[in-house]
Amino acid sequence: RLKYMMINFEVHKKVYLIGAGPGDPELLTIKAVNALKKANAVLYDRLISKEILEYAPKNAAMIYVGKKKGNHSLPQEEICNLLIQLASKNPYVVRLKGGDPFIFGRGGEEYEAVTSMGLNCEVIPGITAAMGAAASLGLSLTHRDHSSEVVLLTGHKQIGKNMTNYPDFSKLILKNKTHIIYMGLSQVESIAKDILTNNSGMENFPAMIVENATLPNQRTIIGTISNIYNKAIEAKAVSPALVILGEVIRNFPVL
Ligand code: SAH
């Protein structure tokens with residue numbers, strides 16, 4: 001861990017860890033807008049719309065910490081360190097993250113870093129990509145005819161502190177459930193292969209990719225477990241994208 005500086009508790013009031021929603025700027029909560037309006041400094045990720053950033057006061061420091069094409073984002077530790085430094089010099093610091101701050105995206109680590117320094121941290125939830133996509137498609141994730149369970153998974157191979165943070169796709173049980181895979185686009189081929197190793201007869205189970213959910217350039221690619229990879233290649237699918245697996249897709253008008 002980097003050495004964190006001393007906090008000036010006479011200055012510090014609050015750090016807000018805010019979910020900015022999936023893309024459409026109108027899917028921001030009123031609570032998030034009110035916090036942004038007070039911000040002295042804002043740390044934001046890629047995919048946060050300009051309209052949302054504009055709620056911050058004109059003189060607020062706006063600091064981009066997301067990934068640029070070809071470049072890596074700031075290491076997580078540096079983001080945490082920066083948050084703490086800013087919180088020491090400014091009454092209100094906002095950390096804006098896509099979707100919901102506690103659904104993937106490492107908001108939990110930032111919360112821990114900030115609170116471990118004794119700083120006040122308020123978490124403001126956001127609409128996670130899965131819920132944004134479902135709403136904009138008219139796709140009920142728990143439609144009574146098809147699904148009694150919703151599972152949010154990561155498709156990104158990443159090692160957490162205490163576990164190998166990667167689902168075992170060969171063990172998924174697809175029936176009567178809706179699986180929504182975040183960060184899974186580049187892994188679709190291996191995910192489909194793993195699923196089919198233990199799920200013979202599931203080749204035609206519905207699968208779907210939703211790109212840029214809730215944004216004007218939202219796009220969907222619909223197929224089955226066995227052909228979704230080829231369809232994604234054909235359509236040149238790009239990130240950010242969700243991979244959805246579930247019978248609920250059968251209700252989708254295009255099928
Ligand atoms: N905290 C975020 C998720 C961060 S992980 C949330 O709650 O939504 C980043 C992944 O989220 C992306 O790889 C993609 O799988 C998904 N994602 C984020 N925004 C998206 C969007 N507008 N459309 C589709 N997928 C999106």
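Residues numbered from 1 in each chain as written. Predicted model: local features only at pLDDT ≥ 70, side-chain atom pairs only at ≥ 80, totals over all residues. Heavy atoms only, no water.

Our focus in this paragraph is the sheet that holds strand β3 (residues 61-64). Strand order in the open sheet formed by five strands is β3-β2-β4-β1-β5, and the pairing between neighbours is parallel. Unpaired on one side and paired on the other, β3 and β5 (121-124) mark the two borders of the sheet. For this sheet, the mean inter-axis angle between neighbouring strands, taken without regard to orientation, is 15 degrees. In this sheet, β5 lies alongside strand β1 (residues 14-19) in parallel orientation, the contact comprising four bridges. Note that in β5 the partner of leucine 17 across the bridge is valine 123. (Pairing = 2+ DSSP bridges. Helix = DSSP H or I, 4+ residues; strand = E, 2+ residues; numbered from the N terminus. Axes fitted to C-alpha atoms, helices over the stretch in contact; angles between N-to-C directions.)

Our focus in this paragraph is the sheet that holds strand β8 (residues 206-211). Here we have five strands laid out as an open sheet, ordered β6-β7-β10-β8-β9, and mixed in their pairing. Two strands lie at the open edges of the sheet, namely β6 (149-154) and β9 (219-224), each paired on one side alone. Within this sheet the neighbouring strands show an average axis-to-axis angle of 20 degrees, counted without direction. Note: β6 against strand β7 (residues 177-182), six bridges, orientation parallel. Within the sheet, the bridge partner assigned to glutamate 149 lies in β7 and is lysine 177.

Below, the discussion takes up the environment of aspartate 100. Mapped onto the secondary structure, aspartate 100 falls in the loop between β4 (92-97) and α4 (107-116). For aspartate 100, a relative accessible area of 14% gives the class buried. Remark: the alpha-carbon pair of aspartate 100 and proline 125, spanning 25 residues in sequence, is separated by 5.4 Å. Here the side chain of aspartate 100 touches phenylalanine 102 through a polar contact of 2.8 Å, landing on its backbone nitrogen. Engagement of the side chain of aspartate 100 in a polar contact is seen with the backbone nitrogen of glycine 126, the distance being 3.1 Å. (Buried < 20%, exposed > 50% of the residue type's maximum accessible area, 1.4 Å probe, protein only. Polar contact = N/O pair within 3.5 Å; in protein donor to acceptor, adjacent residues only side chain to side chain.)

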